[in-house]
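Chain residues, written in single-letter form:
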Amino acid sequence: EEANTKLFFSVLVPPLLRKMGELNLRDKDLVPLIECLRSVTHSLGLSAFRYGEQLFDKCINMVDVQYEAKRPKNGAAQDVQVEFETDFVIVALEALCALFRPLVDVSSSREMQSYQFQEVVISVKHLVAKYRIAEMLTWVCADEDPHIRQAAFELLGDLSCVCPLNLVQYAETFFQMATKTLSGAAGGRRAENDVAVFNNVCWAVRV
């Protein structure tokens, strides 16, 4: 199995990463490519962290560039109207979840004490701090789109398992957003998929 994983990584992943690096952050082809990498990440488990920072960087920048379109430009009108693409945000958040999930799913203390696990946890904490993911989550967990909130709270829940100290600075904000969402106030109305959103909110705050 280990040999198959190494072969899988060496043959499939490098061309996917090269293609990911070539595509700009608004290229429509980036969405299916990141979805593909998400599936590969799930299959590789902890081994996926060999390319973890490349995926981190692309996903965080995908989210940033989308929310940049929503931010006011100091009163100046934009020359070109840039459309906010929900799919880009969702696929980026889901790919980050796939990267974290092997750490969340570790079930035995023996696995947790392994050198590979400890090395990956250290790497994750560094990346979470470097890319200010906790701050990013304060935007996406408050988004009016329920699909974005669903993915955002799932990522928040995964992070709370792996590196809770990285979230402490924004803990009060996260609890306020969770309370607002559970009360049905977020977005101003209940959507059909609110049950999935509520489920991930409960996962994030451990209700």
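You'll find the structure just up there.
Residues numbered from 1 in each chain as written. Predicted model: local features only at pLDDT ≥ 70, side-chain atom pairs only at ≥ 80, totals over all residues. Heavy atoms only, no water.

Chemist: For the overall build of the protein chain, give the residues involved together with the corresponding values.
Modeler: In terms of helices and strands, the protein chain carries ten helices and zero strands. Start at the N end of the protein chain and walk to the C end: the helices and strands fall as α-α-α-α-α-α-α-α-α-α. Expressed as a percentage of contacts within the protein chain between residues at least 6 apart in sequence, the contacts between residues at least 24 apart total 74%. (Helix = DSSP H or I, 4+ residues; strand = E, 2+ residues; numbered from the N terminus. Contact = heavy atoms within 4.5 Å.)

Chemist: So, the packing of helix α3 (residues 52-68) against helix α7 (residues 133-140): which residues are in play, and what are the values?
Modeler: Contact pair α3 / α7: the axes reach a minimum separation of 11 Å and the direction vectors enclose 40°. Judged by the angle between their axes, α3 and α7 are oblique. Where α3 crosses over α7, the handedness of that crossing is left-handed. Along its contact with α3, which presents Phe56, Ile60, Val63, Asp64 and Tyr67, the element α7 presents Ile133, Met136, Trp139 and Val140. The residue inventory of the contact of α3 with α7, partitioned by class, reads eight nonpolar, no polar and one charged. (Axes fitted to C-alpha atoms, helices over the stretch in contact; angles between N-to-C directions. Parallel < 35°, antiparallel > 145°, perpendicular 65-115°, else oblique. Left-handed = near helix turned anticlockwise from the far one by under 90°. Nonpolar A, V, L, I, M, F, W, Y, C, P; charged D, E, K, R; others polar.)

Chemist: I'd like to hear about the packing of helix α4 (residues 86-104) against helix α8 (residues 146-162), residue by residue, with values.
Modeler: Between α4 and α8, the least distance of the axes is 9 Å, while the angle of their chain directions is 25°. Judged on the interaxial angle alone, α8 and α4 are roughly parallel. At the point where α4 passes α8, the crossing takes the left-handed sense. Judged by residue contacts, Thr86, Val89, Ile90, Leu93, Glu94, Leu96, Cys97, Phe100, Arg101, Leu103 and Val104 of α4 engage His147, Ile148, Ala151, Ala152, Glu154, Leu155, Asp158, Leu159, Cys161 and Val162 from α8.

Chemist: Account for the side chain of lysine 58, with residues named and values stated.
Modeler: With respect to the helices and strands, lysine 58 occurs in helix α3. Buried charge lysine 58 goes without a salt bridge, the closest partner of opposite sign being aspartate 57 at 6.7 Å. Apart from the residues within four sequence positions on either side, lysine 58 is in contact with Met20, Gly21, Leu23, Leu25, Leu30 and Ile34. (Buried < 20%, exposed > 50% of the residue type's maximum accessible area, 1.4 Å probe, protein only. Lys, Arg positive; Asp, Glu negative; His and termini not counted. Salt bridge = Lys/Arg side-chain N within 4 Å of Asp/Glu carboxyl O.)

Chemist: Talk me through the nonpolar core; I want residue IDs and the actual numbers.
Modeler: One finds Ile34, Tyr51, Leu93, Ile133, Leu137 and Leu155 to be the most contacted residues of the largest nonpolar core, which totals 70 residues. Among the elements that take part in this core, α4 stands out by supplying 13 residues, more than any other. Contacts of isoleucine 133, omitting those with residues within four sequence positions, involve Phe56, Ile60, Val128, Leu155 and Leu159. (Core = buried A, V, L, I, M, F, W, Y, C linked by side-chain atoms within 4.5 Å.)

Chemist: Give a detailed account of the packing of aromatic side chains, specifying residues and quantitative values.
Modeler: Applying the stated criterion to the full structure yields five aromatic pairs. Centroid distance phenylalanine 56 to phenylalanine 100: 5.7 Å. Interplanar angle 80°. Geometry classified as edge-to-face. A residue pair is termed long-range when its members are at least 10 positions apart, and phenylalanine 56 in helix α3 and phenylalanine 100 in helix α4 qualify at 44 residues. Accessibility expressed as a relative area gives 0% for phenylalanine 100, which makes it buried. Between the aromatic rings of tyrosine 67 and tryptophan 139, the centroid separation amounts to 6.0 Å while the plane-to-plane angle is 50°, which identifies the pairing as tilted. Residue tyrosine 67 is found in helix α3, and its partner tryptophan 139 is found in helix α7; the two are separated by 72 residues along the sequence. Look at tyrosine 67 and you get buried, because its relative accessible area is 6%. Assessed through its relative accessible area of 26%, tryptophan 139 is described here as partly exposed. (Phe/Tyr/Trp six-rings, centres within 6.5 Å; stacked < 30°, edge-to-face > 60°.)

Chemist: Can you break down unusual backbone geometry residue by residue, with the values?
Modeler: Of note, arginine 132 is a non-glycine position whose phi angle comes to about 50°, a positive value. Checked against the element boundaries, arginine 132 lands in the loop between α6 (115-130) and α7.

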